[in-house]
Amino acid sequence: MKGVGYPQSAGPAFEEQKTLVVKDLVKHFPGGRTGLGIGAPKQWVRAVDGVSFDIAPGETLGLVGESGCGKSTIAKLILRLEDPTSGSIRFQGREVTDLKGQELKTYRRSVQAVFQDPYSSLSPRMRVHDIIAEGLRVHTDYSKSDIRVRVNDVLTLAGLSPDVGRLYPHEFSGGQRQRIAIAKALVLDTKMLVLDEAVSALDVSIRAQIITLLKDLQQELGIAYLYIGHDLATVAHLANRVMVMYLGRLLELDESVEFVRDPKHPYTKALFAAALPSNPDDVSDTSEQPNAEVPTALSPPTGCHFHPRCPDAREHCSTQFPEEVTLSGGRRISCHLYPSR
Ligand SMILES: Nc1ncnc2c1ncn2[C@@H]1O[C@H](COP(=O)(O)OP(=O)(O)OP(=O)(O)O)[C@@H](O)[C@H]1O
Ligand SMILES: [Mg+2]
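What you see is a predicted model; the values in this text were computed from it and never measured.

1. What to know about the packing of helix α4 (residues 128–139) against helix α5 (residues 144–157)
- Following both chains from N to C, one finds α4 and α5 inclined at 115 degrees, their axes separated by 10 Å at the closest point. Crossing hand, α4 versus α5: right-handed. Of α5, the residues touching α4 (which contributes His129, Ile132, Ala133 and Leu136) are Ile147, Arg150, Val151 and Val154.
- Broken down by class, the residue content of the contact of α4 with α5 amounts to six nonpolar, one polar and one charged.

Following this line, the structure appears as structure tokens:
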């Protein structure tokens, strides 16, 4: 059975069951002009170009794809750090792209982020207690003692001793700093975490500890995660479903994380074969990898953006972008090898 378009079962009931529903999201950045002179046509970086997905409470959606495919732009759009060119982002059934003032503030309490470099979100001149308490001071009318109790609680949740509250960020290792960033992200009534390369800078063993922490916290608190990562093994370990992007577009998304062992799109096959070899000795086997030249979102190839690198490309792949189809089992795919009829 095949269906076309997303989602198959749209409607208010569907959206209310989900923490986040993103539909036809587009973000184009101005990318200079195509020639000299002010009359020359403007160029646009098509960072995100019509992407739809959803995340349920307590679920982790993994987001993968090569550098520049639009992962962080999606994160920034969800966090309202950027405004979309068009499209919709609904959080618990409510549109958030047009929120302003107090409503935007309330939304920002519920959706928090952890980035690769915790230094960027942890002020070096503030003690850990004050860093974590900041959100409570801005968003709540908690008393001083309520704040102390809540900060101590989230430090404990993040696997740290409440005593560390009097220290400064530079007094911690990378893994501990990421735990502080997680505690800070959880201190309010958080419903969703956007984790953009949150463990990418950590050593493998520390990375595993933080992933375990994230899994435990999700089980305890029922938070939804959007997990962006380069390391596919980590993504597969944490995510319930994985979504693959290429130059601003969604190429494949499956209802089960098992699909990392059974990808269908030629790009996903190549990406996963390189990252998850069935035999570790195959790591140097690059025969399945897409060739090295990655086009940019400023001038993406016509038709299917992947066609110049695709081993299965046919003539029409260079002229028509494949319509998305939903295969049996719920897998969504955009590839001419899987036509809509
Ligand atoms: N503010 C901006 N102005 C212009 N172009 C931008 C801006 N932000 C992002 N881009 C471009 O949008 C595209 C997507 O960038 P994005 O940071 O979302 O990629 P990414 O998938 O997160 O990459 P990485 O894996 O390297 O973090 C890139 O071509 C990038 O250069
Ligand atoms: Mg990024």
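What follows continues from the structure just given.
2. Quick word on the site of ligand 1
- Close to ligand 1 lie Phe29, Val45, Ala47, Ser67, Gly68, Cys69, Gly70, Lys71, Ser72, Thr73, Thr296 and Ala297.
- Elements supplying a minimum of two residues to the shell around ligand 1: β3 (42–55) and α2 (71–78).
- Ranked by residues supplied to the shell around ligand 1, first place goes to α2 with three residues.
- Of the residues belonging to the shell around ligand 1, the class tally is five nonpolar, six polar and one charged.

3. Considerations on α2
- With respect to burial, α2 is a largely interior element, seven of its eight residues being buried.
- Within two residues after α2, Arg80 carries a phi angle of roughly 60 degrees, on the positive side.

4. Observations regarding the nonpolar core
- Core analysis: the largest hydrophobic core is formed by 82 residues, its most contacted members being Leu226 and Tyr227.
- In this structure Tyr227 touches Thr60, Leu61, Gly62, Leu63, Leu195, Val235, Leu238 and Ala239, once residues within four positions along its chain are discounted.

5. Overview of helix α7 (residues 204–221)
- With 18 residues, α7 should cover 26 Å at 1.5 Å per step; its first-to-last C-alpha distance of 26 Å lies within 8% of that length.
- For α7, every residue scored as buried is listed here: Arg207, Ile210, Ile211, Leu214 and Leu217. End-on view of α7: buried residues confined to an arc of 125 degrees, all on one side of the axis. Along α7, exposed side chains directed more than 90 degrees from the buried face belong to Ser205, Asp216, Gln219 and Glu220.
- Along its buried surface, α7 packs onto α5, α6 (174–186) and α8 (232–238).
- Once α7 ends, the next one or two residues include Gly222, with phi positive near 70 degrees.

6. Structural notes on unusual backbone geometry
- The backbone phi angle of Glu197 is positive, close to 55 degrees, even though this residue is not glycine.
- Topologically, Glu197 is positioned in the loop between β8 (192–196) and α7.
- On the neighbour-count criterion, Glu197 (18 C-beta atoms within 10 Å) is partly exposed.
- A positive phi is found at Leu247, a non-glycine position, where the angle reads about 45 degrees.
- Inspection of the secondary structure assignment puts Leu247 in the loop between β10 (241–246) and β11 (249–253).

7. Structural notes on the confidence of the model for the chain
- Model confidence for the chain is summarised by a mean pLDDT of 89, while 89% of its residues fall at 70 or above.
- Segment residues 282–288: pLDDT under 50, and six contacts once partners within four positions in sequence are set aside and those in other chains are kept.

8. Regarding the environment of Gln112
- Positionally, Gln112 belongs in strand β7 (residues 111–115).
- Sequence separation of Gln112 and Ile78 is 34 residues, and the distance between their C-alpha atoms is 9.8 Å.
- Excluding anything up to four places from it in sequence, Gln112 contacts Ala185, Thr190 and Leu193.

9. A word on the pairing of strand β4 (residues 60–64)
- Of all five residues in β4, five are buried; the element is thus mostly enclosed.
- Residue alternation in β4 divides its side chains into two sets, Thr60, Gly62 and Val64 and Leu61 and Leu63, and both sets are buried.
- When β4 meets strand β9 (residues 224–228), the two strands line up parallel, connected through four bridges. Each bridged residue has a counterpart across the sheet, and for Leu61 the counterpart in β9 is Leu226.
- Pairing of β4 with β10, which is carried by four bridges, proceeds in the parallel orientation. For Gly62, the partnering residue across the bridge sits in β10 and is Val242.

Rules used in this analysis
- Residues numbered from 1 in each chain as written.
- Chains lettered and ligands numbered in written order.
- Predicted model: local features only at pLDDT ≥ 70, side-chain atom pairs only at ≥ 80, totals over all residues.
- Axes fitted to C-alpha atoms, helices over the stretch in contact; angles between N-to-C directions.
- Helix = DSSP H or I, 4+ residues; strand = E, 2+ residues; numbered from the N terminus.
- Left-handed = near helix turned anticlockwise from the far one by under 90°.
- Contact = placed C-beta atoms within 7 Å.
- Nonpolar A, V, L, I, M, F, W, Y, C, P; charged D, E, K, R; others polar.
- Near = placed C-beta within 6 Å.
- Buried ≥ 20, exposed ≤ 12 C-beta atoms within 10 Å, placed from the backbone.
- Core = buried A, V, L, I, M, F, W, Y, C linked by C-beta atoms within 7 Å.
- Expected span 1.5 Å × (residues − 1).
- Arc of directions from axis to C-beta.
- pLDDT = per-residue confidence, 0-100.
- Pairing = 2+ DSSP bridges.

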